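# Residue-level structure breakdown
Take a look at the letters that make up each chain.
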Amino acid sequence: MIDDINLFGVFVNGALVTAALALLVQMPIRRALMAARVYRFVWHSGLFDIALFVVLWGAVGVLISSSSAILGVLLA
């Protein structure tokens, strides 16, 4: 379970933090896919972008939950 994260004295929901990290990871991936012209083969680019974000959000959540001790030390 993702708890609240203390960022400089402000408690922020962990889901919001992981979503922001996933969005930051998605931006360069999306630009690289656009440069490689992968979107020519995608039926619905908006749906593809949302699916990519959900997959990245899940991956970030798993990585953070598996290394919560390290993250707690870094943000404390």
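The numbers attached to residues start from 1 for each chain and follow its sequence in the written order. The model is predicted, so local features are restricted to residues of pLDDT at least 70 and side-chain atom pairs to those at 80 or more, both for listing and for counting; the totals for chains, interfaces and linings are taken over all residues. Side-chain calculation: all heavy atoms of the structure are included, whereas hydrogens and water are not.

## Some details on the confidence of the model for the protein
We apply this condition: Every residue carries a pLDDT, the predictor's confidence in it, which falls somewhere between 0 and 100. Only DSSP runs of H or I reaching four residues or more are called helices, and only runs of E reaching two or more are called strands; each is numbered from the N terminus.
Per-chain confidence: the protein averages 87 in pLDDT, with 86% of residues scoring 70 or above. Across the protein, the secondary-structure element scoring lowest on mean pLDDT is helix α3 (residues 68-75), at 61, and the one scoring highest is helix α1 (residues 14-35), at 94.

## What about the nonpolar core?
The nonpolar side chains of a soluble globular protein tend to be buried, and buried together. Heads up, the condition is: As used in this record, nonpolar core signifies buried Ala, Val, Leu, Ile, Met, Phe, Trp, Tyr and Cys residues forming a set joined through side-chain atoms within 4.5 Å. Each residue's exposure class comes from its accessible area (1.4 Å probe, protein chains only) as a fraction of the maximum for that residue type: buried when under 20%, exposed when over 50%, partly exposed otherwise. Contacts are assigned to residue pairs with any non-hydrogen atoms lying within 4.5 Å of each other.
Ala19, Ala22, Leu33, Tyr39, Leu52, Phe53, Leu56, Val60 and Ile64 form the largest nonpolar core, which has nine residues in total. Going through the elements one at a time, α1 and α2 (45-66) are the ones with two or more residues in this core. No other element matches the five residues that α2 contributes to this core. Not counting residues within four places of it along the chain, the set of residues in contact with Tyr39 comprises Arg30, Leu33, Met34, Ser45, Phe48 and Asp49.

## Looking at the environment of Asn13
Selection rule: Under the rule applied, a polar contact is a pair of N or O atoms within 3.5 Å (in protein, one hydrogen donor and one hydrogen acceptor; residues adjacent in sequence only if both atoms are side-chain atoms).
Along the chain, Asn13 falls in the loop between β2 (10-12) and α1. Measuring from C-alpha to C-alpha, the distance between Asn13 and Asp3 comes to 6.8 Å, with ten residues separating the pair along the chain. Of note is the side chain of Asn13, whose polar atom sits 3.2 Å from the backbone nitrogen of Ala15.

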